[in-house]
Amino acid sequence: MRITALAVNTFREEVRRKVFLFLLLFAGVMIATSWIFSFFTGTEEMKIIKDMGLTSIWLAGTIIAMVMGIRMIPGEIDKRTIYTILSKPISRTEYLLGKFFGGALTLAANTAIMAVVFMTVVAVKSHQVEPPQPVDFRLLGQVLLAYLQFCLLLSMTLMFSTFLTPIMNGAISLFVLIVGNLSDTLLDVIKLSKNMVVEAGLRVLYYLVPNWQNFSVQDALVRGDEKVALAYVAKIALYGILYTVILLIIAAQSFRNQEV
Amino acid sequence: MADAIRTEGLTKEYVSASAARVTVALKDLSLEVQEGEIFGFLGPNGAGKTTTIKILLGLIFPTAGRAWVLGKEIWDTAVRYDIAFVPDSPYFYDFLTAEELVRFHGRLFGLKDKVLNKRIDDLLDLVGMAGARNRRLREYSRGMFQRVGIAQALVNDPKVLLLDEPTSGLDPIAQREVRDVILKLRDQGKTILLCSHHLSDVERISDRVAILNRGKLERIGRLDDLLAAERVEITAEDLTEAASGQIAELAQESRRQNGRIVAYEERRDVIAAIIDVVRGANGRLVSLIPQRQTLEDLFVRIVQQEEAQ
Ligand SMILES: Nc1ncnc2c1ncn2[C@@H]1O[C@H](COP(=O)(O)OP(=O)(O)OP(=O)(O)O)[C@@H](O)[C@H]1O
Ligand SMILES: [Mg+2]
């Protein structure tokens, strides 16, 4: 109940802050691209639209999640609005969860709007191209995974924000994002490594950092691969949620002892 | 009467980020605020008033010592169901309207809309903000912010109010209105801890006061007792220059006026000593008048004495 009030208020704050403008910009880019590339063959054109669309959703969501997570709590401490909230019968954990769910709600709204624009363009184009293609609704599975990835990123930046400065948080989060996107490469490097210490270090990194590549079924989908299974999407969804929960627990522990 | 607020040896040290500097904001503060009283919590800038309030609210943690509000120790989140807090500056979400802010804060107490609707109307009326209830706080003046701050603090019908300079930034009429609100709340049986630099206000409405300086409790007591301190105005004449000088040395304060000397002193033995000097010099004791001081006198004296040391 109180967490809901906090979450709704956080959502309202983000909406009034107009992060949503991001979307309009994005939708514009999306629609524009579908016309720009219309000189390719039908299949090529669809590939490009799907690729650009999914990548744009991923990029926009990633940026929004990171900016929100980094700024959410330090911003409230700086402006001291947190005083009046925490002086209510709200525990630190409730506050943190309220912030997280508010952010997750904002991301959901953002992602949903982007997904609607994206699927509309895909649907319209699928009929226009020669030869017409069926609308691939499995693309929504990728959108869902992307959304869970945003939530994971949000919880990670929130967790870091309880003990790091915003600049450190941004730097480390970016590092984690990059390393996590190179997870498979990292594994190859580990296999090649001759030095025990380096290998151990890399292994720790490999297991600590979420494997963002797992969240991407985009290439397979865009290629028109039939092998993308629901079971896989479900498994990765669970992985994302579990990771998020663990990060939130760590965040709550760390925030409990923080003075504001 | 039970204690609404009790602190025992409360100490707070702030350690700077590099751990190079330690600020002792509060030193071994022990005090009790009784249920149903207006307690003036005074001290110069940086004395530790806000620090104490933040500890009571669980925003920061004491380095040492313990504190209770209404019998519950402060780490218990449930304590805050009965506490209201008015911060010293308008720390509210400025993207909300007055009505939305009070409603949101009410929801944080788990209040339902049915209760809230009525209470929001009453509270915004009480602080004279009914006319601006649908405007965003961003557009408010300082005083309007402060008024909404008082309204939001009362949304849970609290038993204990922690007011950190509730009248700062208010015009004289609004200051008086806030004073009346505070008195009304006291009459309803609420306990009020009032930090303020408006000493005449505090003097007018407080039952007891505490004066804090550099984190140390210097005085605490009933206002009447503190102000009716044993300060005496001693006027004497027909004195030798040496005797006058001696008196000026002895007294806390003195001045010469039309060949007389007027001295102020509160320590009994010194009063006796001054009278002895007058007698010994064969002077004339004109008058000996006990003085009721103002709160401002007391405050300034305590702080200056401390500075002198
Ligand atoms: N976060 C902090 N870090 C370091 N020192 C602090 C911090 N907050 C307060 N202090 C120090 O603690 C002391 C007490 O400050 P506090 O805010 O309690 O004073 P105050 O009595 O409320 O003063 P004022 O009348 O100016 O509001 C001051 O010396 C202040 O510099
Ligand atoms: Mg203060």
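Look up a bit, the structure's there.
If you're wondering where the values come from, they're calculated on a predicted model, not measured in any experiment.

## Concerning the site of ligand 1
Residues and elements named next belong to chain B. Neighbouring residues of ligand 1: 13 residues in total, closest G46, K49, T50, T51 and H197. For ligand 1, whose accessible area on its own is 640 Å², the fraction buried by protein is 62%. Broken down by secondary-structure element, the contributors of at least two residues to the shell around ligand 1 are strand 2 (22-34) and helix 1 (49-56). The biggest single contributor to the shell around ligand 1 is helix 1, with 3 residues. Across the shell around ligand 1, the residue classes tally to 4 nonpolar, 7 polar and 2 charged.

## Remarks on the packing of helix 8 (residues 241-250) of chain B against helix 9 (residues 268-280) of chain B
Residues and elements named next belong to chain B. Direction vectors running N to C along helix 8 and helix 9 enclose 175°, while the axes themselves pass 10 Å from each other. By the angle between their directions, the pair helix 8 and helix 9 is classed as roughly antiparallel. Of the residues in helix 9, those touching helix 8 at A243, Q246, I247 and L250 are V270, A273, I274, V277 and V278. Looking at the contact of helix 8 with helix 9 residue by residue, the class counts come to 8 nonpolar, 1 polar and no charged.

## What about the sheet that holds strand 1 (residues 3-15) of chain B?
Residues and elements named next belong to chain B. If you walk across this open sheet you meet the 4 strands as 2-1-4-5, and the pairing is antiparallel. Either end of the sheet is taken by a strand with one partner, and the two such strands are strand 2 and strand 5 (72-73). Two elements, strand 1 and strand 2, share 9 bridges in a ladder whose sense is antiparallel. Paired with K12 across the two strands is L26, which belongs to strand 2. In this fold helix 1 packs onto strand 1, strand 2 and strand 4 (64-69), with an angle of close to 110° to the strand it touches most, strand 1.

Conventions and cut-offs
Residues numbered from 1 in each chain as written. Chains lettered and ligands numbered in written order. Predicted model: local features only at pLDDT ≥ 70, side-chain atom pairs only at ≥ 80, totals over all residues. Heavy atoms only, no water. Near = heavy atom within 4 Å. Areas by Shrake-Rupley, 256 points an atom, 1.4 Å probe, with all protein chains shown as cover. Helix = DSSP H or I, 4+ residues; strand = E, 2+ residues; numbered from the N terminus. Nonpolar A, V, L, I, M, F, W, Y, C, P; charged D, E, K, R; others polar. Axes fitted to C-alpha atoms, helices over the stretch in contact; angles between N-to-C directions. Parallel < 35°, antiparallel > 145°, perpendicular 65-115°, else oblique. Contact = heavy atoms within 4.5 Å. Pairing = 2+ DSSP bridges.

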